[in-house]
Amino acid sequence: MKPRHWPMWIAVILLWALFAQATGAAARTSLTIDEGLHIASGYTVLRTGDFRLLEEHPPLVKMLAALPLLFVNDLPNPTTLPGWQPDPGQSDTVRLVQLMQALVHPYRPIDRLVFAARVPIALLAVLLGAAVFRWGKELGGKRAGLLALFLLAFDPNIVAHAAVAATDLGTSAFIFFASYTFWRALRRPSLPGIALAGLTLGLAQAAKISALVLLPVFVALAGLRALRANDPALFSGLKLPGWARTNSRRQAALRLAILVGAIFALAFVILWAIYGFELRAPPSWNVPVPAASHLIPFSRVQADVTGGRTTFLMGQYSQQGWWYYFPVAFAIKTPLPTLILLLAATVAMVYNWRKNTLGWSILALLAFPVVYFAISIAQPFNIGYRHLLPILPFLFVFIGVQIQNFPGLTARAGKFKIPDSRFPRPTVQDKLVTNLPPCHPACPRTIVKRVTLSPCLHISLSPRHLVTLSPYLVVSALFIWYVVSAVLIFPHHLAFFNELVGGPDGGYHYLVDSNVDWGQAWKELEAYMDAHGIARIKLAQFSSNNPAVYEIDYEPIAPMSGAPPVLPARFNPAPGVYVLSASSLQGLPLADINSYDYFRHRRPSARIGHAMFVYDIRPTEPLPGWVASCTAPTPPLEPADLYAGLGRNDMRLVYFDCQQSWVIPGNSAQGWFVLPYALAHDQSAFAQRWLNQASLTFEQKQSFEQPPFSIFMAANSELGLSPASAMFGQTAELVGYALNKSTLRPGQSIELLTAWRVIGAPPGMLSVMAHAISPDGAAIAVGDGLGFTSDQWQVGDIFIQRSLLEIPAATPGGTIWIQTGLYTWDNLQRLEVTQNGNTIGDSLRLAQLSIEP
């Protein structure tokens, strides 16, 4: 085989690899959320010629996906299905869902239908790859084209969307086709080139509304081309009378304007033809217009953008999105080798700016991705990396063209060459190798200390020149890394994230929706259930598709159709096997974004396709018997809300001020604490001393009907205090205490903790006495209080009271005593204190402290 044919064969192999990955993933993944709707919409257009269920995307890509279904004889006529007839009480979206569920879901085997609709998209990906190779080759040579095609063929985001019957890959392909043919038409105009540019531009407009960005970009590029149109023979290829030569730049600009107008006019004709040369008046219009149905997607997109949609990004939620959503998405879902090569390509472009002879061609390559990315940042509709897919082919070509110009790398005559100036002049000592084989004329001949690695590459052995190898080694390592990542993620390309966020298993902390979880893992879930003998699951995933089509027996939970809007007993879910999609786990799209927070604090039993989480929830033993709810600094949850969230109303409910008390109810060995969210996360808070012995089970971080709160499950915990033993009447026993200081200065404070066990009914409402007294018994500081009111006490309860005693600044040096006791509110009557059966008074001295002068 002739050497010049090898690049073409490599390109064919890469295109085959792309198609194999896409069809392999298409065969192994389930119907995604949008696919059924696109298939149904495209099929109705093909079968009826009616665009009433067009929804928010133009028809072209959907029609291509549905084209193989015309050969499926046992599909019903769409006009006989629910949702076809207009219904003023239902939106077009609801009607399309109804028709899709009647058309696609009943078909068996459903894989036969879905796979057939996915194959045209995979073929479009192959055509896109061929165009990427062609543009890269024309701009930078065969190596540039092959590098660009290699990046596209193994990009997990490209493969992911080449394997589903959705519009994103097709849109990317037609936008790239239009941009490439427009560049060719203006670089060296010809009638076939202009016709092809008009055709592809029309197809792009029929693929997705976002292709409108091409129109102003093309006008700007034509203007820039006119400024550089100094070739008198620029229009010689048109074969038009009087156009053989261009006499002035003004004349060239006028002719380019005519050509662009012709391309735009032809594009409109193509778009109109796709709509069957439709001529009618749109709703609320009185004048018939061509392709009136093309206005339907505009109204749908406008409604989506205006109404907003709840979006998740790095633990945050928003209806209007963030300007940095797509930069973050691009940074964490684009493979790191691509990001590194993109940075290197940008450096190379800047480094070689003055020597760059491509000029307008590079602008033509980068204009659309730059403008499109800027628009993506500015608009508030943040639902997925897939909306960035159209910029990727342009970036791959840019990398392929520029990476060869990276400082230290050059490409000439199709062979890599190290510049001769990098090597020292030869000396006698350098002649380590003799009788070298003949060198190709294109190779450098000034290297003496060398080893021949091939007939065309000689590399210096000097240690300080080994750096010359580094660009090649780095690029080779990046290629291997890139391919290995593509192999490891198969067939779950939709869930790809790069190593910056921990790969596919860490990405859901940053992005959800179609970035991770598009319903593609149901087939793998069904296989998991069979392998583990799971008969029925509780399933949460937003989708208009029915998991039963994959023989999954499930109980729907929010946000699935037929389920309550909020998970019952969300603080303490009932036993069972729960399967939550990544979006549901992060709260989208749910009435309460914290519905599944209980599961966020548990390790899943399994992860399905990096997109679904399996939790085997079993009964809690021992059964929790109490709830201790903090009343400060924010109001506690209402009892009804607590009981509903915990799924039980047979528990003891106590209230306490967790800023000054801690309670361990004695009626059960295990229970829940409910605290304000801010206090639960304040590491300096009094409650933190015991929360580290509890496990966080649920949090509501946002204010809805109740302030944010956190729920912990705890068993009887260690007090962590110095032991003490004294009886106070027939009501309580002091079991421990702690002081945070043994010496202090006047003006400082002491923290006293006293731990009490309830042994009998209190004589009334009580308070804990905490005094600092002088040796003669005079009170120096008082810190009385009780954060767990005695009307809630039951025998066996333990509570810890925190008392702060501020020593006055005028206190003289010497010793003081800390004493405690219990007394009633109404008459300040202190309870009798006994130790070892002996009465010692109505208070107990705990410790002696030193006051420094």
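Quick look at the structure, then. The structure presented is a predicted model; accordingly, all values stated were derived computationally and were not measured.

The next thing to look at is the sheet that holds strand β17 (residues 670-676). Here 5 strands make up an open sheet; going across it, the order is β15-β14-β17-β19-β18 and the pairing mixed. Each edge of the sheet is formed by a strand with only one pairing partner; in this case those strands are β15 (652-656) and β18 (695-700). Between one strand and the next, the sheet's axes are offset by a mean angle of 20 degrees, whatever the strand orientation. Sheet analysis places strand β14 (residues 626-630) next to β17, joined by 4 bridges and oriented parallel. Bridge pairing links Val627 to Trp672 in β17. Running at roughly 125 degrees to β15, helix α21 (residues 639-646) makes contact with β14, β15 and β17 of the sheet.

Among the nonpolar cores identified, the biggest contains 199 residues, and Ile537, Tyr596 and Phe599 are the most heavily contacted of them. Looking at which element gives the most residues to this core, the answer is helix α5 (residues 110-140), with 16 residues. If near-sequence neighbours (up to four positions away) are discounted, Phe599 is found in contact with Leu567, Pro573, Tyr578, Leu580, Leu585, Tyr615 and Ile617. By size, the runner-up hydrophobic cluster in this structure holds 58 residues, among which are Trp626, Ala680, Ala755 and Leu844.

On the secondary structure map, Gln21 appears in helix α1 (residues 6-28). Overall, Gln21 belongs to the buried group, its relative accessible area being 11%. Not counting chain neighbours up to four residues away, the residues in contact with Gln21 comprise Ala153, Phe154, Val159, Ala486, Phe490 and His493.

Throughout the structure, instances matching the rule amount to 1 disulfide. With its sulfur 1.9 Å from that of its partner, Cys630 forms a disulfide with Cys658. Taking the sign of the S-S torsion, about -75 degrees here, the bridge from Cys630 to Cys658 comes out left-handed. With Cys630 in strand β14 and Cys658 in the loop between β15 and β16 (661-664), this pair connects stretches of sequence that are 28 residues apart. Assigned by exposure class, Cys630 and Cys658 land together as buried.

Attention now goes to the side chain of Ser172. Here Ser172 is to be found in helix α8 (residues 168-187). Here Ser172 falls in the buried class, since its relative accessible area comes to 0%. A polar contact is formed between the side chain of Ser172 and the backbone oxygen of Asp168, at a distance of 2.9 Å. Those residues in contact with Ser172, other than ones at most four positions away along the chain, are Leu128, Leu389 and Pro390.

In total, this model carries 6 cavities of 30 Å³ or more according to the counting rule given. In this model, the largest cavity occupies a volume close to 80 Å³. In terms of residue count, the dominant contributor to the lining of the largest cavity is β17 (3 residues). Here the residues of the lining of the largest cavity are counted per class, giving 10 nonpolar, 2 polar and no charged. Computed from the structure, the second largest cavity encloses a volume of approximately 70 Å³. Along the walls of the second largest cavity sit Ala25, Thr29, Ala160, Ala163, Val164, Pro491, His492, His493, Leu494 and Gln520, which together make up its complete lining.

Analysis parameters
Residues numbered from 1 in each chain as written. Predicted model: local features only at pLDDT ≥ 70, side-chain atom pairs only at ≥ 80, totals over all residues. Heavy atoms only, no water. Pairing = 2+ DSSP bridges. Helix = DSSP H or I, 4+ residues; strand = E, 2+ residues; numbered from the N terminus. Axes fitted to C-alpha atoms, helices over the stretch in contact; angles between N-to-C directions. Contact = heavy atoms within 4.5 Å. Core = buried A, V, L, I, M, F, W, Y, C linked by side-chain atoms within 4.5 Å. Buried < 20%, exposed > 50% of the residue type's maximum accessible area, 1.4 Å probe, protein only. Disulfide = S-S within 2.5 Å. Polar contact = N/O pair within 3.5 Å; in protein donor to acceptor, adjacent residues only side chain to side chain. 1 Å grid on protein atoms, 1.4 Å probe; cavity = no way out; pocket = protein on both sides within 12 Å on 5 of 7 lines; lining within 4 Å. Points joined across faces, edges and corners; volume = space filled by probe spheres on them. Nonpolar A, V, L, I, M, F, W, Y, C, P; charged D, E, K, R; others polar.

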